[in-house]
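# Breakdown of the fold
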Number of protein chains: 2
Amino acid sequence: MSHSSTKFLINTALVVAAASTMYSCKPKSAEAAATGDAAKAYVAPGKYDEFYNIVSGGFNGQMSIYGLPSGRLFRIIPVFSQFPENGYGFSEETKPLLNTSHGFVPWDDLHHIALSTTDGQHDGRWAFGNANNTPRIARINLSTFRTEEIIEIPNSAGNHSSPFITENTEYVVAGTRFSVPMDNGNTDVPINTYKDNFKGTVSFIGIDKNTGHMNIDFQLLLPGINFDLARAGKGKSKDWFFFSCYNSEKANTLLEVNASAKDKDFIMAVNWKKAQEYARAGKGKKVPVKYAHNVLDEKTHTATSEFVNEVLMLDPKELQDVVYFMPCPKSPHGCDTDPSGEYIVGSGKLAAVIPVFSFDKIQKAIADKNYDGTYDGIPVLKYDAVLHGEVQKPGLGPLHTEFDGKGNAYTSFFVSSEIVKWDIKSLKVLDRVPTYYSIGHLSIPGGPTKKPWGKYVVAYNKITKDRYLPTGPELTQSAQLFDISGDKMKLVLDFPTTGEPHYAESIPAEILMKKSQKIYKIEDNQHPYVAKGESQASVERKGNEVHVKMTAIRSHFTPDNIEGIKMGDVVYFHLTNQEQDWDVPHGFAVKGANNAEILVMPGETQTLKWVPDRTGVFPIYCTDFCSALHQEMQGYVRVSPAGSNVALTFSTGKNLPVENTPAGNAGNATPKK
Amino acid sequence: MSHSSTKFLINTALVVAAASTMYSCKPKSAEAAATGDAAKAYVAPGKYDEFYNIVSGGFNGQMSIYGLPSGRLFRIIPVFSQFPENGYGFSEETKPLLNTSHGFVPWDDLHHIALSTTDGQHDGRWAFGNANNTPRIARINLSTFRTEEIIEIPNSAGNHSSPFITENTEYVVAGTRFSVPMDNGNTDVPINTYKDNFKGTVSFIGIDKNTGHMNIDFQLLLPGINFDLARAGKGKSKDWFFFSCYNSEKANTLLEVNASAKDKDFIMAVNWKKAQEYARAGKGKKVPVKYAHNVLDEKTHTATSEFVNEVLMLDPKELQDVVYFMPCPKSPHGCDTDPSGEYIVGSGKLAAVIPVFSFDKIQKAIADKNYDGTYDGIPVLKYDAVLHGEVQKPGLGPLHTEFDGKGNAYTSFFVSSEIVKWDIKSLKVLDRVPTYYSIGHLSIPGGPTKKPWGKYVVAYNKITKDRYLPTGPELTQSAQLFDISGDKMKLVLDFPTTGEPHYAESIPAEILMKKSQKIYKIEDNQHPYVAKGESQASVERKGNEVHVKMTAIRSHFTPDNIEGIKMGDVVYFHLTNQEQDWDVPHGFAVKGANNAEILVMPGETQTLKWVPDRTGVFPIYCTDFCSALHQEMQGYVRVSPAGSNVALTFSTGKNLPVENTPAGNAGNATPKK
């Protein structure tokens, strides 16, 4: 087992040079790390994990729910990507959730999780996630663990500094990693006119206090640089938001070199309360755009998609007291605020120190107009004037910082592959542990909140190599759980993760367990094609559309024999699961469909669209092992030629007695109407 | 925490009545099962699991790789369903794998795993899996852990008794769970003519010894009953195959009742060697059909799909010494042969006993023509003549049996929710343990082979309810690991599983680890659009198709600036990953694409098709966190109106020096040609 270090080689000289001169805590071999603590990670059968670990899926576009400390995967929640497993993005009810101004988009790249907070503490209502590629934000209900809403972000690209959240969930934000020509201007411009024509934006998406519904309250028009990550302030700084920015060089090609030229880029400080006031006061400009807003209705179990046609744009060059830049070495990635709200940590991924900024000093520098000029018309605060101090020789490639609520910060280092614990006030390094290999984000339960739950830190590593049994060229991603309850961090467990997790939040089990919904009440089901009871099952023709209102209950469908479908018909199977007991889904599939299955929860209705490709008899069956007679839960649909005179009939049951059935006259298919 | 038992209630009286009269080992509460053994399940960081656990994904259509004893998920291998995470079923290279005679099918239901064997023992070459809904069999290469081949099965539906395998991987089989009208006849028939017009088939898919390539050697035309599960013989019985059959009532509606009427259904014994001889001797009939055969070429990294137009059909009514029925109580599900090949265990899911058949007695009964009449023209052997004996009062709802190689059988019981260990020869029950809840399949490493590896048994449970932190109405599936190295089974671990695992095989780590492939050699890459080195990168127009031969290496694309794309163009990004180091994938996405990402392994080429929906400048970026400067791995593609005179140009690098760049003249996009 060898740990090849070639993956984190980078082409700029700085880090490589730094590695040889200032840094000595190299990762030990994997063998040396064969420690850990069985008793701490093990959750015995019948016992529960302490924390829900809600993890972004990165390039799988989903969120995953793990337990801590066991590292067990309890659920993949489909968000931005189609999920054949349960029909998300394939059923008629869920397809609208993936609609965008570009049409139906079956995939995205979900990097960050933000759990809703009240007074800066987890309230267990919603999880938000971002889509990087086709900019969007999603809201997941933490009672049903379902995606309930997705809003597209116009005037954006590479939606990376998203969906960070304000203290009382007033806003989630969405910043452009990739600047682009604004949607309301001429977008067909030469790429080498980047500096003239490409802009960044930060969107403030308002969250309805009661429903969680999202709307884009306003956007800030910003220089064409790359906004990477963000955190809202807390406590005294709660009206502010802080964003890391790189590529202040405004390069549009080979950014590996060209965006790494300057010694400092920026942390951007935004007074969102002030911006909100300006927006309310009509200081913005309504600009034409087109973006999708998709909402799932819990009563009909159906999502709808509509387009919005304008957005309110604020220009901080005109509104001078909203946005400030603070110089930050070098290509800052993480931008994290401590539980007190006083300290803002900028992690320059090519920097040799970690700068910690002081909110009080920022306020004083703004009051004193202690500027170091402007950048694109926006004031740049003097580095020394806003700096609390720098953590010296912390490690190589600092990325992200979280907090334990006891005055300590924990920073991940990609290049030197470690977590470093340091004191927020004194800036002294207290402890360091290697990670295998090349950690990206780290996550402490409640780490980004005002009152961290602490106890563990999880490393989300970017390189796996030899950590698990190999699975060919393509490997899982690897997380590591550390116990941080003592002075020193202790490795407890290596656990693999699905997709490419970037970030996660963890919340105590007791907050979510008690509010987890078990079924959908069938009496509340307002789906237009619901069948409440088998007596409501039916097959109806509307032109060339055939609507089957079908029921499922252990262990049969009603109807389970259907005839009279014809070539050219489009068949909609609307399946209502009649069960009202937890964990009794029924699934539905029809042979040859160019579609996924539908997996239908108790009390719910879902619809599978089917266009028969030939005449014949097509089996249907339940795809979820629902009972001892699950294998018997099947039926048949007959498809006849266009223009045939086979009548539309449907039925369930009443085969003739077996022994007396003459061959060729088995069963019946007596129409119910 | 209460375990509601309502899920496994079934509507026939038998089992319910039996439950109250003959069975007393009810599952204890979950609390009572809070035992287990931390040290046994824990695999310390830096250490490896002992076994690869290759698990079917059920309704997710995939296979998953877990480690035992840790229960950790190392990989989801996309097989029958689209997988947005890595572009499987979305990239141009992989889309042909999901082609069928019904067109492109994005989903299926994968129930069973069969690992290739030589002399009845795991050889670690391939894993086969079945698609239930649109009948297919897939072959996965266990060096690359990729799906290499998918073959459609004509004249079939509900392809459930599949893909079981002969001792030297001569054949995998595929039997119809749902009988249907044969493809070569009139398929548009009334459903109530089931007994006349619906037939079952078993397909014998020949496996090429060297390449693993599949072809349908022949099919057996069988009565219209439901073939459920199967096992080949071993040793002395290796030329035979055994299939469980239910619905000998030939019901076509409400099978829950109508297929549960008879006291006995059948185990079907097939002399496949004899059938093969008949096939070779021209005793079959070639019948017209149409089915897809899809093969991935390892050199081009590209799959192709072609249609086959006939299949060889053998009729066992004419070839009298090929197929025999053995009566088996009641609605048999599992059908398992012990390591010696002498014993065949039929698990009637509604039966009160487990019958064990003797291969020697079967041979004698056939020789003696000791028949109990015929069924649809096929001889029925006398039950008493072929029976080794019955396990009495074993439990309720027996489903599946595996073996430990020490003379013991382990049977899963869905209704009484337990595993029961019994002696194969004496038929005495030796031990029983509850499972939480309602076990389906179980799996012992090597359990279906001639030489089981033993040590563990895994229960794949169908009901989860309160076993883990709740995640709303939709829950994970739950597996349980038991240590079977001693006389008594001991619960070690509860671990969740993705999809709806049905069956699994486990194979020692040492067999697969040493042959796991790490990269694709770029010098072997014969993709028609490969770029080996940046000098081969290009953008070429062919009518309205634009082909981008693009390279990725840490941390840039070449080219990363492209202009001259026009509305109406179809753009193919052919991305070649230049890396030759393990675990350095690059990903690729373009904003707004109605497509998934592509995730490209070292040395590989994959293609993303993009049809721009508007003019403008579209970011592209690497979706896999590949280096410290991964965030800088981006570029832009400009799309101009149809008919515009923007020239087709492409480039990487050479922005002007930052400080001296006049605004509006940043960078360049000097065409390379």
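Not measured: the values here are computed from a predicted model. (Residues numbered from 1 in each chain as written. Chains lettered and ligands numbered in written order. Predicted model: local features only at pLDDT ≥ 70, side-chain atom pairs only at ≥ 80, totals over all residues. Heavy atoms only, no water.)

## So, the overall build of chain A
Secondary structure summary: chain A contains eight helices and 46 strands in total. Its C-alpha atoms give chain A a radius of gyration of 28 Å, within 12% of the compact-globule value 26 Å for 673 residues. Overall size of chain A, expressed as C-alpha extent along the three principal axes, is 95 × 60 × 40 Å. Total accessible area on chain A is roughly 18,800 Å²; 50% of this is exposed by carbon and sulfur atoms. One finds the centroid of the 69 positive side-chain charges in chain A at a distance of 2 Å from the centroid of its 74 negative side-chain charges. (Helix = DSSP H or I, 4+ residues; strand = E, 2+ residues; numbered from the N terminus. Rg over C-alpha atoms; globule rule 2.2 N^0.38 Å. Areas by Shrake-Rupley, 256 points an atom, 1.4 Å probe, with all protein chains shown as cover. Lys, Arg positive; Asp, Glu negative; His and termini not counted. Charge placed at Lys NZ, Arg CZ, Asp CG, Glu CD.)

## Observations regarding unusual backbone geometry
Each neighbour pair has its own omega, and for Y436 of chain A with Y437 of chain A the value is -15°, a cis peptide bond. For Y437 of chain A, the location among the structural elements is in the loop between β30 (429-434) and β31 (439-443). A cis amide bond links T558 of chain B with the next residue in sequence, P559 of chain B, at an omega value of -5°. Even without a glycine there, the phi angle at D376 of chain A is positive, about 55°. Here D376 of chain A lies in the loop between β24 (371-375) and β25 (378-381).

## Describing the relation of the copies chain A and chain B
When chain A is fitted onto chain B, the two copies agree to an RMSD of 0.0 Å after a turn of 180° and an axial shift of 0.0 Å. In the structure described here, the two chain copies are related by an operation that fits a two-fold rotation axis. Nearest to the rotation axis, the C-alpha of A38 of chain A is located 2.9 Å from it, this being the minimum over chain A. Both copies contact each other with a shared surface, as 99% of the interface residues of chain A are interface residues in chain B too. (Least-squares fit on C-alpha atoms with pLDDT ≥ 70 in both. Contact = heavy atoms within 4.5 Å.)

## Topic: the pattern of salt bridges
Residues and elements named next belong to chain A. By the definition in use, this model includes 64 salt bridges over all chains. Of the charged contacts, one joins E50 and K455 as a salt bridge, the two residues approaching to 2.8 Å between their closest N and O atoms. Within this pair, whereas E50 is found in the loop between α2 (38-41) and β1 (51-56), its partner K455 is found in the loop between β31 and β32 (456-461), the two being separated by 405 residues in sequence. Judged by relative accessible area, E50 falls into the partly exposed class, the value being 31%. One network of salt bridges, in which partners are shared, links D119, E167 and K450. (Salt bridge = Lys/Arg side-chain N within 4 Å of Asp/Glu carboxyl O. Buried < 20%, exposed > 50% of the residue type's maximum accessible area, 1.4 Å probe, protein only.)

## With respect to the side chain of E632 of chain B
Inspection of the secondary structure puts E632 of chain B in the loop between β43 (616-621) and β44 (634-640). Of the residues examined, E632 of chain B reaches a relative accessible area of 1% and is grouped as buried. Setting aside residues no more than four positions away along its own chain, E632 of chain B makes contact with Y246, L255, E256, A259, S331 and K349 of chain A together with S555 of chain B.

## Thoughts on the domain arrangement of chain A
All names here are of chain A. For chain A, the domain assignment lists domain 1 (49-513) and domain 2 (529-651). The distance between the C-alpha centroids of domain 1 and domain 2 comes to 43 Å. Residue-level contacts link twelve residues of domain 1 with 13 residues of domain 2. Overall, the association of domain 1 and domain 2 removes approximately 990 Å² of surface from exposure, summing both partners, and the carbon and sulfur fraction of that is 44%. (Domains from an automatic or database assignment. Buried area = accessible area lost by both parts, 1.4 Å probe.)

## Thoughts on the side chain of N132 of chain A
Note that N132 of chain A resides in the loop between β7 (121-131) and β8 (136-141). A polar side-chain atom of N132 of chain A sits 3.1 Å from a polar atom in the side chain of H111 of chain A. Non-local contacts of N132 of chain A, meaning those with residues more than four positions away in its chain, are made with D108, D109, H111, A157, G158, N159 and H160 of chain A together with Y621 of chain B. (Polar contact = N/O pair within 3.5 Å; in protein donor to acceptor, adjacent residues only side chain to side chain.)

## Section: helix α5 (residues 272-280) of chain B
Residue and element names in this part refer to chain B. By the burial criterion, the buried members of α5 are W272, A275, Q276, Y278 and A279. The arc that holds the buried residues of α5, viewed along the axis, is 160°, so those residues lie on one side. Where α5 is buried, its residues touch β11 (171-176), β12 (200-207), β13 (214-222), β15 (240-246), β16 (264-271) and β18 (302-314). Where α5 terminates, the next one or two residues include G282, which has phi positive at roughly 75°. (Arc of directions from axis to C-beta.)

## Focus: the sheet that holds strand β41 (residues 598-600) of chain B
All names here are of chain B. Pairing is mixed across the open sheet formed by six strands, whose spatial order is β41-β40-β43-β44-β38-β45. Either end of the sheet is taken by a strand with one partner, and the two such strands are β41 and β45 (649-651). Recorded for the sheet is a direction-independent mean angle of 20° between the axes of neighbouring strands. In terms of strand pairing, strand β38 (residues 561-566) meets β45 through three bridges, oriented antiparallel. Looking at β45, one finds that E563 is bridged to T649. (Pairing = 2+ DSSP bridges. Axes fitted to C-alpha atoms, helices over the stretch in contact; angles between N-to-C directions.)

## Here we look at the state of the cysteines
One way to say it: the disulfide is the covalent bond shared by the sulfur atoms of two cysteines. One pass over the structure, following the stated rule, counts zero disulfides over all chains. Just so you know, C626 of chain B is unpaired, no disulfide at all, and the nearest cysteine sulfur is the one on C622 of chain B, 4.0 Å from it. (Disulfide = S-S within 2.5 Å.)

## Regarding helix α6 (residues 359-367) of chain A
Residue and element names in this part refer to chain A. Those residues of α6 that sit buried are F359, I362, A365 and I366. Down the axis of α6, the buried side of the element spans an arc of 120°, and every buried residue falls inside it. Among the exposed residues of α6, those pointing more than 90 degrees away from its buried face are K364 and A367. Near the N-terminus of α6, the side chain that reaches the backbone nitrogen of D360, with its oxygen 3.3 Å away, is that of S358. Immediately beyond the C-terminal end of α6, within one or two residues, lies K369, with a positive phi of roughly 45°.

## Observations regarding the interface of chain A and chain B
Facing 193 residues of chain A, the contacting portion of chain B comprises 193 residues. For the pairing of chain A and chain B, the buried interface totals around 15,800 Å² over both sides, and the portion due to carbon and sulfur atoms is 56%. On the chain A side of the contact with chain B, L469, P473 and F625 of chain A bury the most area, a combined 5% of that side's loss. Here chain A and chain B share eight salt bridges between them. Taking the shortest distance from any N to any O, the salt bridge between R75 of chain A and E474 of chain B comes out at 3.4 Å. Remark: the boundary between chain A and chain B carries 84 residue pairs in polar contact (both at pLDDT 80 or more). Looking at side-chain class alone, the side of chain A that touches chain B contains 89 nonpolar, 63 polar and 41 charged residues. (Nonpolar A, V, L, I, M, F, W, Y, C, P; charged D, E, K, R; others polar.)

## A closer look at the pairing of strand β18 (residues 285-297) of chain A
Residue and element names in this part refer to chain A. Where strand β9 (residues 146-152) and β18 come together, three bridges link them in antiparallel fashion. By the bridge assignment for β18, I150 is matched with N294. Note: β18 against strand β19 (residues 302-314), eleven bridges, orientation antiparallel. Within β19, the position partnered with V287 by the bridge is V311. As consecutive antiparallel partners, β18 and β19 are separated by four residues, and within that stretch H301 has a phi angle of approximately 55°, a positive value.

## Focus: the sheet that holds strand β9 (residues 146-152) of chain B
All names here are of chain B. Spatially, the ten strands line up as an open sheet ordered β6-β7-β8-β9-β17-β18-β13-β12-β11-β10, and their pairing is mixed. This sheet does not close on itself; its edge strands, each paired only once, are β6 (113-118) and β10 (159-161). The average undirected angle you get between the axes of adjacent strands in this sheet is 30°. Those strands touched by α5 are β11, β12, β13 and β18, and its axis lies near 105° from that of β13.

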